[in-house]
Each structure stands twice: as structure tokens, then as C-alpha cells.
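Analysis of the macromolecular model
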Amino acid sequence: MYASVNGLNLFYEERSDHEPDPILFLHGFPLDHSMWRHQLDAFSMTHRCIAPDLRGHGSTTDIGETLQPGQVTIELMADDVAALLDHLRVQKITVCGLSMGGYVAFALWRRHPQRISRIVFADTKATADTVEARAARFQLAEQVKAGGSKVAADSMLPRLLAPENLDTAVELDVRRMIESTRPDHIVNTLHALASRPDSTGLLAHLSAPCMVVVGEKDIMTPKTDADLIYREAECAWRMVEIPRAGHLSPLENPDAFNAAVAEFLRA
Ligand code: MLT
């Protein structure tokens, strides 16, 4: 379904709009809402579930006037999501954000804290990019401009998944998502990621209960990043390591991921 909000046509999947206690699933970069398919199947039995394609990803490609690198920001993505919640008449919601989706969750907390009832930080970090990480993003942006989205898939896939999940259907699925993201949107988002602010200082003021989930083999946002969120967040409930998973734990080990989140929702 599409919602015309915040100057763009935002695609989202919604399940079980009659169920209470809604959950908002925010995907990672450069993926789309379908990375949450196992969670949508499981949690829509008991919860209203909303999973948008963030600006420039999945089917949210009609983004109004074409913004240049530097004009797309993580904060803008958070405003898109808040506008979607207005459109759907959702007051407060549990936010489950993976990696870039976690950065958007931080931005939502900064800009629209009243909308958040709980947060699941999955395979994400609170810190901003280092100088080296920023330089690597700009280098990848140049490579994608020259060689297209396949370059992003080739470069990212070995770091996104645990070794045992490479060369499996999961890899094919993730490759499909990355290669169907437009190169100009990948470039714009790389700039947005590079310019995101540090959210570490926010953790002490986070009054919504949160949990931290990390794939045991996540090398993109490893356990040290998860530890920092867990240690500093005022209302952190638990940190859970997901076995046999890398950076995309909800896709790589959905049973363990769902069990951890279900326990948090019941707590
Ligand atoms: C993601 O999965 O969203 C990205 O790895 C985020 C990042 O590169 O910082």
C-alpha cells in the first residue's frame, strides 16, 4: 500500500490492523521491508504490524522532487515515518529497527519521542561514522555511480551475512533487495548515513524500554556496539545474542530473533 506523506509516495506493508500494540519494523540499508517477512508472519498473529520501505528503498522510489546527496538525511526518514504514523492514526508504537533502521529509531526518538512505546535495537549502533568509515562510504558511492547497484551487493554481502549463510537462499534474497535499489538512491543514502549524528548522548535520556539484539557473527555492528547501547541506555531490558547470524539476524535466524522479541513484548 502507498501513503502520500511528507512529499513522497511511501510504500508500506500493514498486517492485522485490528490487533493492538502496534509494531513498526524499520529495515537496514540498502534493503526493503521484505527483510522482515518472518517477523510479519509471526507477530501479526498478535500485533498490528507496519513495515515501510524507507525513502529511496524498495517500492518507495517516487520521492517527489529529486533530492541531491546531502539533502536526504536519516532525520528526514524519521519524519517520513512519523507522517506515516499520522496517516495510519497510530499514536504510539513499538519500533524495531535494524542497523540503518536503528539510526532512524534514534532520530524518531530525537524528533518524535511521544510516538515511541518501546524500541528494539537490532544489529545497530549509537555512534556516528568514524573518519575512515565516512571515507569508505564516499568511495563506495563513487563505485556505485560507475558500476551500479551490483557493486554495492558484491561489496556488502560478505560482511552482511554470517559465513554459513553465504551461498544460501538468504544471500540470494539479500542480493535481490540490494540490486533492485536504484544506484542514485544508494548514493544518496550513503551520504545520509555518513552525515548522521552521534546518538550516544541520547541513550541516558531514553525513557522508553528497549532491548538490544545482535547476531553473534555481526562484523558490521559487532557486539561492542550493542554493548554500548545496552550499558548506556537508561531503560535497557536485556541484550540478546542471536546464534548463527551476522548483521541480518532477523533473516538469518528468525526463530531465535522472534523468540527474543516476543519475550521483550511480554515483559
Ligand atoms: C545497514 O545494514 O543498514 C547498514 O549496514 C548501516 C551502515 O552501513 O551503517
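This section reports on the structure supplied with the text. Keep in mind that this is a model prediction, so the values were computed, not measured.

How each quantity is defined
- Residues numbered from 1 in each chain as written.
- Predicted model: local features only at pLDDT ≥ 70, side-chain atom pairs only at ≥ 80, totals over all residues.
- Heavy atoms only, no water.
- Pairing = 2+ DSSP bridges.
- Helix = DSSP H or I, 4+ residues; strand = E, 2+ residues; numbered from the N terminus.
- Axes fitted to C-alpha atoms, helices over the stretch in contact; angles between N-to-C directions.
- Contact = heavy atoms within 4.5 Å.
- Phe/Tyr/Trp six-rings, centres within 6.5 Å; stacked < 30°, edge-to-face > 60°.
- Buried < 20%, exposed > 50% of the residue type's maximum accessible area, 1.4 Å probe, protein only.

**Focus on the sheet that holds strand β5 (residues 93-98)**
Here we have 8 strands laid out as an open sheet, ordered β1-β2-β4-β3-β5-β6-β7-β8, and mixed in their pairing. Whereas interior strands pair on both sides, the edge strands pair on one side only; in this sheet they are β1 (2-5) and β8 (236-242). Going across the sheet, the axis of each strand differs from the next one's by a mean of 25°, ignoring polarity. In terms of strand pairing, β5 meets strand β6 (residues 116-122) through 6 bridges, oriented parallel. Bridge pairing in β6 links Cys 96 to Val 120. Here helix α8 (residues 223-232) sits on the sheet and contacts β6, β7 (210-215) and β8; the angle it forms with β8, its principal contact strand, is near 165°.

**Thoughts on the packing of aromatic side chains**
Aromatic ring pairs are defined here through the distance separating the ring centres and the angle between the ring planes. Scanning the entire structure with this criterion turns up 5 aromatic pairs. Summarising the aromatic geometry, the rings of Tyr 2 and Phe 11 are spaced 5.2 Å apart at their centres and angled 75° between planes, so their arrangement reads as edge-to-face. Given the relative accessible area of 48%, Tyr 2 is considered partly exposed. Assessed through its relative accessible area of 17%, Phe 11 is described here as buried. Aromatic side chains Trp 237 and Phe 264 sit 5.6 Å apart centroid to centroid with 40° between the ring planes, which places their arrangement in the tilted category. Of this pair, Trp 237 sits in strand β8 while Phe 264 sits in helix α10 (residues 254-266), placing them 27 residues apart in sequence. Owing to a relative accessible area of 28%, Trp 237 belongs among the partly exposed residues under this scheme. What makes Phe 264 buried here is its relative accessible area of 4%. Taken together through their ring pairs, the aromatic side chains of Phe 25, Trp 36 and Phe 257 make up a single cluster.

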